[in-house]
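# A structural walkthrough
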Amino acid sequence: MLEVIFYIAITAEAMTAALAAGRRNMDWFGVCLLACVTALGGGTIRDLFLDHYPLYWVENPYILLLVCGAALVTIAIARVVDKLRWPFLLLDGLGLVVFTIIGCNIAMEVGAHPVIVLVAGMVTGIFGGILRDVLCNDVPLVFRGELYATVSIVTGAIYYFGLMANIQSDVVILVAIAVGFPLRMLAIIYKWEMPKFVYDKDWR
């Protein structure tokens, strides 16, 4: 189940990244590169942090073909994809929780500290979007108050501590998704945000 959702989610991430590239008039190489960074960037950074090799897309290069193919298809059907906002938001939210669970699994496999397990899950879930926004010269969404990283941390905590409590892994996965995914959707619908730090006093 996780693997199927993973492939669906990275395809959706690649397509939304392609739209972001199109809004900034990037060429086809830029579209493919931004799609790869968005879809695979979080897992790549996680593996680099954890010294976990080979990188997933290096071991499975067909993933690059899938991501680039999705990006190029988006160029052809951009007007259609642009209208499908909610389906892609749903896939993004589902991808966030699944990427988080996968990231926690990788960290646990290498024997990481519990704190690092949660960080690894969060990095896997959110860093692709951060890299996309940075390359597009935007303030990353996760830094603008919206509950995104928080959802990832909650999902990772449920998953990790559920496993530590010797609950069956399939049950823990379902519970983590059942909490994290609706939480992300509710955050979008009701615009739940983290408190913001606003300081505009000029010292000069």
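To start, this report covers the structure provided alongside it. On a predicted model such as this, the values are computed, not experimentally measured, just so you know. (Residues numbered from 1 in each chain as written. Predicted model: local features only at pLDDT ≥ 70, side-chain atom pairs only at ≥ 80, totals over all residues. Heavy atoms only, no water.)

The next thing to look at is the environment of Ile75. Relative to the helices and strands, Ile75 is located in helix 4 (residues 62-76). Separated by 34 residues in sequence, Ile75 and Gly41 place their C-alpha atoms 21 Å apart. Non-local contacts of Ile75, meaning those with residues more than four positions away in its chain, are made with Trp28 and Val31. (Helix = DSSP H or I, 4+ residues; strand = E, 2+ residues; numbered from the N terminus. Contact = heavy atoms within 4.5 Å.)

This part takes up the pattern of salt bridges. Taken as a whole, this structure holds five salt bridges when the rule is applied. Between Arg132 and Asp133 there is a salt bridge, with its nearest N and O atoms 3.1 Å apart. Taking the relative accessible area as the measure of exposure, Arg132 reaches 16% and is therefore buried. When the shortest N-O distance is used, the salt bridge between Glu193 and Lys196 registers 3.8 Å. A relative accessible area of 46% means that Glu193 is categorised as partly exposed. Taking relative accessible area as the criterion, Lys196 reaches 54% and is therefore assigned exposed. (Salt bridge = Lys/Arg side-chain N within 4 Å of Asp/Glu carboxyl O. Buried < 20%, exposed > 50% of the residue type's maximum accessible area, 1.4 Å probe, protein only.)

Attention now goes to the packing of aromatic side chains. Tallied over the entire structure, the rule returns six aromatic pairs. Ring plane angle 75 degrees and centroid distance 5.8 Å describe the contact between Phe6 and Phe99, whose orientation is recorded as edge-to-face. Taken together, the positions of Phe6 in helix 1 (residues 2-23) and Phe99 in helix 6 (residues 85-109) put the pair 93 residues apart, joining distant regions of the chain. By the burial criterion, Phe6 is buried, and Phe99 matches it. Summarising the aromatic geometry, the rings of Tyr160 and Phe161 are spaced 5.2 Å apart at their centres and angled 80 degrees between planes, so their arrangement reads as edge-to-face. By relative accessible area, Phe161 is classed as partly exposed at 49%. Here Arg85 stacks its cationic end above the ring of Trp86, 5.8 Å away from the centre of that ring. (Phe/Tyr/Trp six-rings, centres within 6.5 Å; stacked < 30°, edge-to-face > 60°. Lys NZ or Arg CZ within 6 Å of the ring centre and 35° of its normal.)

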